[in-house]
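Examination of the molecular architecture
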Amino acid sequence: MTLRLLFTMLALLVFPVAVASLGYQWQWHWFPLLDLDETPALLAYGLTLTIGKFGIAFTLILLSALALFRWRRRPGQLLVFFFCLMAALGSAFVTKSVAKEYFKEPRPFVLWLADKGRLADSERFYAQLPTIRERWVAKGVSNMSEQQVPSWLKLHWQDEVSYSFPSGHSIAAMTIASFYCLLLLYRRRSPWLIGGLAAWAVAVCYSRLLLGLHWPVDILASSVLGVTFGTLGAWAFIWWDERKMHSPKS
């Protein structure tokens, strides 16, 4: 593995996300930007679901099949592959969880609802238990029209009452994308496949902005962390694979 591949990951995954932070400095507000009852918002929600509780399993199975297709089989390969992937994702999850409790940044939609008088101020809101926060959000959006906030987004907001920084969806998407992109680059697979995977991860990050779940700094920090964890996981598997390839018993 070379620095060229690392810079490729930064160019594909981190730099496009950094544009969101630059735009924010120029007073470009990502939320509310879309008409939440229109198709673009629903597409953003669909991207979010690909990294949700159930979507992430399908995503990992599909990408693992693509990455390992026609890869030379070795004893213990699947076990090592799974360990490297889970170590990367586990590190991302732990880092995300600890950082949220440390920085305690309120989500954009919480401030938006509070500004409209439909929710208590953010300090009081986050002083409550998660179950109480969920009830407060449900009550705050209950009489908002479908044009203002559609039903699917009301339910999604009720599930997202933790702190904002960093973005769990973004760090997971970037960890997955960098892990598989490096494996695909290592095997010299189609650049269209690699570019499509990178575009998916970047789009997931932007979907979090457009739906009011995160700030630009959240997804930028998550991108850097995700690329770091994903790259380390992929490097570990490739290092193991190369050792096996040059082993006398291989």
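Structure shown above.
For the structure given in this document, a descriptive report is provided here. Here the structure is a predicted model, which means the values were calculated and not measured.

What counts and what doesn't
- Residues numbered from 1 in each chain as written.
- Predicted model: local features only at pLDDT ≥ 70, side-chain atom pairs only at ≥ 80, totals over all residues.
- Heavy atoms only, no water.
- Patch = residues over 30% accessible without salt bridge, like charges linked within 9 Å, V, L, I, M, F, W, Y side chains within 5 Å.
- Areas by Shrake-Rupley, 256 points an atom, 1.4 Å probe, with all protein chains shown as cover.
- Salt bridge = Lys/Arg side-chain N within 4 Å of Asp/Glu carboxyl O.
- Helix = DSSP H or I, 4+ residues; strand = E, 2+ residues; numbered from the N terminus.
- Buried < 20%, exposed > 50% of the residue type's maximum accessible area, 1.4 Å probe, protein only.
- Phe/Tyr/Trp six-rings, centres within 6.5 Å; stacked < 30°, edge-to-face > 60°.
- Lys NZ or Arg CZ within 6 Å of the ring centre and 35° of its normal.
- Contact = heavy atoms within 4.5 Å.
- Arc of directions from axis to C-beta.
- Axes fitted to C-alpha atoms, helices over the stretch in contact; angles between N-to-C directions.
- Parallel < 35°, antiparallel > 145°, perpendicular 65-115°, else oblique.
- Left-handed = near helix turned anticlockwise from the far one by under 90°.
- Nonpolar A, V, L, I, M, F, W, Y, C, P; charged D, E, K, R; others polar.
- Expected span 1.5 Å × (residues − 1).
- Core = buried A, V, L, I, M, F, W, Y, C linked by side-chain atoms within 4.5 Å.

**Some words on a nonpolar patch on the surface**
On the surface, Phe93, Val94 and Val98 cluster together into a nonpolar patch covering about 300 Å² of accessible area. With respect to the helices, strands and loops of the structure, valine 98 is situated in helix α4 (residues 77–103). Taking the relative accessible area as the measure of exposure, valine 98 reaches 55% and is therefore exposed.

**Digging into the packing of aromatic side chains**
Evaluated as defined, the whole model comprises 18 aromatic pairs. Ring geometry for phenylalanine 31 and tryptophan 112: centres 5.3 Å apart, planes at 75°, overall edge-to-face. Of this pair, phenylalanine 31 sits in the loop between α1 (3–25) and α2 (39–49) while tryptophan 112 sits in helix α5 (residues 108–115), and the two are 81 residues apart along the sequence. Pair check on accessibility: phenylalanine 31 and tryptophan 112 agree, each one buried. Measuring from ring centre to ring centre gives 5.3 Å for phenylalanine 81 and phenylalanine 237, while their planes differ by 85°; the resulting arrangement is edge-to-face. Taken as a pair, phenylalanine 81 in helix α4 and phenylalanine 237 in helix α11 (residues 216–246) lie far apart in primary sequence, 156 residues in all. Looking at phenylalanine 237, the relative accessible area reads 0%, which means it is buried. Here a set of aromatic residues connected by ring pairs shows up, and it is made of Trp71, Phe81, Phe179, Tyr180, Tyr186, Phe237 and Trp240. For arginine 133, the ring lying beneath its charged end belongs to tyrosine 163, and the centroid distance is 5.8 Å.

**Regarding the environment of aspartate 37**
You can see aspartate 37 is positioned in the loop between α1 and α2. Overall, aspartate 37 belongs to the partly exposed group, its relative accessible area being 35%. Linking aspartate 37 and glutamine 147, residues 110 residues apart in sequence, is a C-alpha distance of 5.3 Å. Non-local contacts of aspartate 37, meaning those with residues more than four positions away in its chain, are made with Glu146, Gln147 and Pro150.

**What about α2?**
Within the sequence span of α2, burial applies to Ala41, Ala44, Tyr45 and Thr48. Viewed along the axis of α2, the buried residues span an arc of 100°, placing them on a single side of the element. For α2, the exposed residues lying more than 90 degrees away from the buried face are Thr39 and Leu43. Looking at the buried positions of α2, the neighbouring elements they touch are α8 (151–159), α9 (168–186) and α10 (191–210).

**Side note on the packing of helix α7 (residues 130–141) against α8**
Between α7 and α8, whose axes approach to 8 Å, the crossing angle comes to 155°. Between α7 and α8, the interaxial angle falls into the category roughly antiparallel. When the axes of α7 and α8 are compared, the crossing they make is right-handed. The residues of α8 that touch α7, namely those facing Glu134, Val137, Ala138 and Val141, are Lys154, Trp157 and Gln158. Of the residues assigned to the contact of α7 with α8, the class counts are four nonpolar, one polar and two charged.

**Let's talk about α7**
Taking 1.5 Å per residue as the helical rise, α7 with its twelve residues ought to reach 16 Å, and the 17 Å between its terminal C-alpha atoms agrees with that figure. Buried positions along α7 lie against α5, α6 (122–126) and α8.

**Remarks on the nonpolar core**
Counting 45 residues, the largest nonpolar core has Tyr180 and Leu183 as its most contacted members. Elements supplying a minimum of two residues to this core: α1, α3 (55–68), α4, α9, α10 and α11. Setting aside residues no more than four positions away along its own chain, leucine 183 makes contact with Ala67, Trp71, Phe81, Ala234, Phe237 and Ile238. The next biggest cluster of nonpolar side chains, apart from the first, holds 23 residues, and it includes Val110, Val137, Val149 and Val161.

Read these as spatial facts, not as claims about activity.
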